[in-house]
Each structure stands twice: as structure tokens, then as C-alpha cells.
Amino acid sequence: GTWQYNDAIAYQSVCKAFAAGYTFVDTAFVYGNQKGVGAAIRNCWEGDRRDLFVMTKVPGGLSRDETFAAHKQNLMELGLD
């Protein structure tokens, strides 16, 4: 998980995790560090993208449209499609 980290610390931590063999990243909209996590994925992940599992979350209580918009924002901040 990356919930305790700002973008800079999240970037460093995720890069170190990848170097140690991690293939799973847990983040969320409310953590406020998805840009750092996304930069680490782009710059430090050396494997095939299909081998990396990224989990992100949205706040509860959203309408259907708000949920889709929040996920779209997550993907944009992470630089994923």
C-alpha cells in the first residue's frame, strides 16, 4: 500500500518495490499520490505491463456516473488506460 506517502515518497517506494520483485501496487484516489505511483510505473517497472497488477479505489457513496468519472481520473493520474 502507498496510503501514507506523498507523490515523491510513493515514487521512491514503488520503484524500490519493483526492484525487489513486487508486481502489485495498491493505491487510491484519496491517497493523493497517484501521480507519483504512475511515474514509478512508467519509469521503474521493467516487466511486461500485463504482469503488473494495479489496484486503485474511489470514495464510497458515489453515483454511477461519479464512480466512472473518479475511475477515469484515477487512470489519468496513474497514466494508465
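For the structure, check the block above.
Draft legend 1. Broad picture of the side chain of threonine 27. Relative to the helices and strands, threonine 27 resides in the loop between β1 (24-26) and α2 (34-44). Filtering out sequence-adjacent residues up to four positions away, threonine 27 remains in contact with Thr2, Asn33, Gln34, Val37, Met55, Thr56, Lys57 and Leu78.

Draft legend 2. The arrangement of the pattern of salt bridges in detail. Throughout the structure, instances matching the rule amount to three salt bridges. Here arginine 50 and aspartate 48 are joined by a salt bridge, their closest N and O atoms 3.3 Å apart. Aspartate 65 is the salt-bridge partner of arginine 64, the closest N and O atoms lying 3.7 Å from each other. The pair formed by arginine 64 and aspartate 65 is uniform in burial state, with each residue classed as exposed.

Draft legend 3. View of the packing of aromatic side chains. Considering all chains together, one arrives at two aromatic pairs under this definition. On the numbers, 5.0 Å between centres and 70° between planes, the contact of phenylalanine 18 with tryptophan 45 is edge-to-face. Of this pair, phenylalanine 18 sits in helix α1 (residues 7-19) while tryptophan 45 sits in the loop between α2 and β2 (53-55), and the two are 27 residues apart along the sequence. For tryptophan 45, a relative accessible area of 17% corresponds to the buried category. For the ring pair phenylalanine 24 and phenylalanine 53, a centre distance of 5.3 Å and an interplane angle of 10° mean the geometry is stacked. In this pair, phenylalanine 24 sits in strand β1 while phenylalanine 53 sits in strand β2, placing the two residues 29 residues apart along the sequence.

Definitions and limits used
- Residues numbered from 1 in each chain as written.
- Predicted model: local features only at pLDDT ≥ 70, side-chain atom pairs only at ≥ 80, totals over all residues.
- Heavy atoms only, no water.
- Helix = DSSP H or I, 4+ residues; strand = E, 2+ residues; numbered from the N terminus.
- Contact = heavy atoms within 4.5 Å.
- Salt bridge = Lys/Arg side-chain N within 4 Å of Asp/Glu carboxyl O.
- Buried < 20%, exposed > 50% of the residue type's maximum accessible area, 1.4 Å probe, protein only.
- Phe/Tyr/Trp six-rings, centres within 6.5 Å; stacked < 30°, edge-to-face > 60°.

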